[in-house]
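So you can see what is in the structure, the chains are spelled out below.
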Amino acid sequence: MNDWHNMDCVDREELAELREQKLLNTVKWAYQNSPFYREKFQNNSVTPEEVKELKNITRLPFTTKSDLRESYPFKLAAVPMEQIVRIHASSGTTGKPIVAGYTKNDLVEWSRLVARTCALAGVTSRDTAQVSFGYGLFTGGFGLHYGLEYLEATVVPFSSGNTERQLSLMKDFQTTVLVSTPSFALYMAEAAREMGLDPKKDYSLRLGLFGGEPCSENMRREIENQWGITATVNYGLTEVVGPGVSGECTCQEGMHLHEDSFIEEIIDPATGESLPEGESGELVLTPIFKEGFPVIRYRTGDITRIIPGNCRCGHTTRRMDYITGRTDDMIIVKGVNLFPSQVEEVLSGFKEVSPHYRLVLHRSDKGFVKDVEVQVELTPEGFTDSFQELEKLEQNIKNRIRSTISLAPRVKLMEPKSLERTTGKSRRIVEGEDL
Ligand SMILES: [Zn+2]
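Residues numbered from 1 in each chain as written. Predicted model: local features only at pLDDT ≥ 70, side-chain atom pairs only at ≥ 80, totals over all residues. Heavy atoms only, no water.

S.K.: Explain the layout of surface pockets to me, using residue names and the numbers behind them.
M.R.: There is about 300 Å³ of room inside the second largest pocket. Looking at the second largest pocket, it is lined by 17 residues, and the ones nearest its centre are Glu264, Glu265, Ile266, Leu275 and Arg318. Among the elements that take part in the lining of the second largest pocket, strand 10 (residues 262-267) stands out by supplying four residues, more than any other. Across the lining of the second largest pocket, the residue classes break down as seven nonpolar, three polar and seven charged. (1 Å grid on protein atoms, 1.4 Å probe; cavity = no way out; pocket = protein on both sides within 12 Å on 5 of 7 lines; lining within 4 Å. Points joined across faces, edges and corners; volume = space filled by probe spheres on them. Helix = DSSP H or I, 4+ residues; strand = E, 2+ residues; numbered from the N terminus. Nonpolar A, V, L, I, M, F, W, Y, C, P; charged D, E, K, R; others polar.)

So, in structure tokens, the structure goes:
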């Protein structure tokens, strides 16, 4: 193991002390220097002195996406803008973008984090890595670029687009690492074949680092099979720094979190209460190294959990599980949190039904969801006249949902092609009275 792994193999007691100290400094720094946080702390009648140890973090208010939008463009800054050397922003399809400003030190720290993420995935200074993320306001391209350079790998900053040329250079440069979105990696494999090339034989790729969009296990295996590589996923978001929050090692059993640089919390998205280790909830992150635009207790909206126990690879840092959903999609039914993605996963296990489904919500007089009906289309092959068979299938789906999410919704099988098709994001959730 080279030096890149030191911080991920640190003694856990030492790590706890380091985290605590860095958190206290961050809280003080934000309060003293960021107009946004001074105001937020004051509005919540809390001072930095109340945070004496790590667990006191829960006394501090959360930061939400709308807070960051309202602080547009530079209200979050904790240094004079002349000390900011780079600005990134989220593309944001609605409302104002979210802005992140970096000091020179922030950029060094960020590069180091990304370098560690790449090292965990098996990248070394002997690798040649092609970055096929777009270079621009989006943090993916520049984030991976500087992290890989920091690791002293050879970087090919291709950016996105121009697939044929990407494929030619990748072959000629004997590129060993591909950095892209998972869907682009699949697309490239297909394009290579169309050019008469064999992705496995004609290329030198051995590793893929994927991020920027969710990657299902099926998709990962598909990429690995197509290219003959090890595909790892990593996680990050512009709001807290960009890529470099966590990433997989080659065990592919969850993403190692850089705990010396981020304080992670898992909360119940409905109440904001902390959840016990191992339980699934909303990820809240506090970066504890940033000077420029500090962020405290940022509610990511991503649903995950901290995986109990140590990884087989020998690194001591804790792992977060893959993102299973977004809080924006959460429905609370009789106190149970339900995500459309969970239902979708159960349905995908039944070959008799199609991916077309919707959740119909029935509410009580007070507006609480008291009942959910899952409407799902049968596939043409799954369609049958036998009432008993259909009833049995409904019951099976219902049982499977109950055993995964402790909720027994009604299940209604629909004829093939009977649910409304919409362009763009389909309407998965409808209110009962709308029907
Ligand atoms: Zn590991």
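S.K.: Lay out a nonpolar patch on the surface in plain terms, naming residues and giving numbers.
M.R.: On the surface, Phe74, Met81 and Ile87 cluster together to form a nonpolar patch covering roughly 230 Å² of accessible area. Inspection of the secondary structure assignment puts Met81 in the loop between helix 3 (65-70) and strand 1 (84-89). (Patch = residues over 30% accessible without salt bridge, like charges linked within 9 Å, V, L, I, M, F, W, Y side chains within 5 Å. Areas by Shrake-Rupley, 256 points an atom, 1.4 Å probe, with all protein chains shown as cover. Salt bridge = Lys/Arg side-chain N within 4 Å of Asp/Glu carboxyl O.)

S.K.: So what's going on with the coordination of the zinc ion? Which residues, and what values?
M.R.: For the zinc ion, the full set of protein donor atoms is Cys249 (SG), His256 (NE2), Cys311 (SG) and Cys313 (SG), and the range of their distances to it is 2.1 to 2.3 Å. Considering all four donor atoms around the zinc ion, angles at the metal cover 102 to 116° and the coordination shape is tetrahedral. Assessed through its relative accessible area of 2%, Cys249 is described here as buried. Judged by its relative accessible area of 6%, Cys311 falls in the buried class. (Donors = N, O, S within 2.8 Å, 3.2 Å for Na, K, Ca; no water. Tetrahedral: all angles 85-135°; square planar, octahedral: opposite > 155°, others 65-115°. Buried < 20%, exposed > 50% of the residue type's maximum accessible area, 1.4 Å probe, protein only.)

S.K.: An account of helix 7 (residues 182-194) is requested, with residue identities and associated values reported.
M.R.: Helix length check: helix 7 (13 residues) gives 19 Å between terminal C-alpha atoms against 18 Å at 1.5 Å per residue, within 8%. Buried residues along helix 7 sit in contact with helix 6 (163-172), strand 5 (177-180), strand 6 (207-210) and helix 8 (217-227). (Expected span 1.5 Å × (residues − 1). Contact = heavy atoms within 4.5 Å.)

S.K.: Provide a residue-level description of the sheet that holds strand 14 (residues 319-320), including the pertinent values.
M.R.: Strand pairs in the sheet, formed through backbone hydrogen bonds, run parallel or antiparallel to each other. Spatial ordering of the open sheet is given by 4-3-5-6-7-8-9-14-13, a layout of nine strands whose pairing is mixed. Looking at the sheet topology across the chains shown, the edges are occupied by strand 4 (154-156) and strand 13 (306-307). As judged from the four bridges shared by strand 6 and strand 7 (residues 230-237), these two strands associate in the parallel manner. For Gly208, the partnering residue across the bridge sits in strand 7 and is Ala231. Strands strand 6, strand 7, strand 8 (242-248) and strand 9 (255-257) of the sheet are contacted by helix 4 (residues 104-120), whose axis makes an angle of about 25° with strand 8. (Pairing = 2+ DSSP bridges. Axes fitted to C-alpha atoms, helices over the stretch in contact; angles between N-to-C directions.)

S.K.: Just give me the short version of the environment of Tyr135, but keep the residues and values in it.
M.R.: Topologically, Tyr135 is positioned in the loop between strand 3 (128-131) and helix 5 (139-150). Note on Tyr135: relative accessible area 23%, which makes it partly exposed. Taking C-alpha positions, Tyr135 is 5.7 Å from Ser159, a pair spaced 24 residues apart along the chain. Discounting residues that sit within four places of it in the chain, Tyr135 has contacts with Gly141, Phe142, His145, Pro157 and Ser159. Here the side chain of Tyr135 touches His145 through a polar contact of 2.8 Å, side chain to side chain. (Polar contact = N/O pair within 3.5 Å; in protein donor to acceptor, adjacent residues only side chain to side chain.)

S.K.: Hey, could you go over the domain arrangement of the chain for me, with residue numbers and the actual values?
M.R.: Interfaces are often sized by the amount of accessible area the parts lose when they come together. Its domain assignment divides the chain into domain 1 (99-124 + 134-151 + 212-326) and domain 2 (331-434). A separation of 32 Å is found between the C-alpha centroids of domain 1 and domain 2. Opposite the seven residues of domain 1 that make contact, domain 2 presents four residues. Across the interface of domain 1 and domain 2, roughly 330 Å² is buried in total on both sides, 63% from carbon and sulfur atoms. On the domain 1 side of the contact with domain 2, Ala270, Ile303 and Thr324 bury the most area, a combined 60% of that side's loss. (Domains from an automatic or database assignment. Buried area = accessible area lost by both parts, 1.4 Å probe.)

S.K.: Tell me about the nonpolar core, and please be specific about residues and values.
M.R.: With 81 residues, the main nonpolar core has Val123, Leu148 and Trp227 as its most contacted residues. Tallying contributions element by element places helix 4 first for this core, with seven residues. With residues near it in sequence (within four places) discarded, Leu148 still touches Cys118, Val123, Ala129, Val131, Ala153, Val155 and Val179. (Core = buried A, V, L, I, M, F, W, Y, C linked by side-chain atoms within 4.5 Å.)

S.K.: Describe the packing of aromatic side chains, naming the residues involved and giving the relevant values.
M.R.: Scanning the entire structure with this criterion turns up 10 aromatic pairs. With 5.7 Å between their ring centres and 85° between their planes, Phe262 and Phe289 make a pair best called edge-to-face. Of this pair, Phe262 sits in strand 10 while Phe289 sits in the loop between strand 11 (281-287) and strand 12 (298-304), and the two are 27 residues apart along the sequence. Here the aromatic residues Tyr31, Phe36, Tyr37 and Phe41 are joined through ring pairs into a cluster of three or more. (Phe/Tyr/Trp six-rings, centres within 6.5 Å; stacked < 30°, edge-to-face > 60°.)

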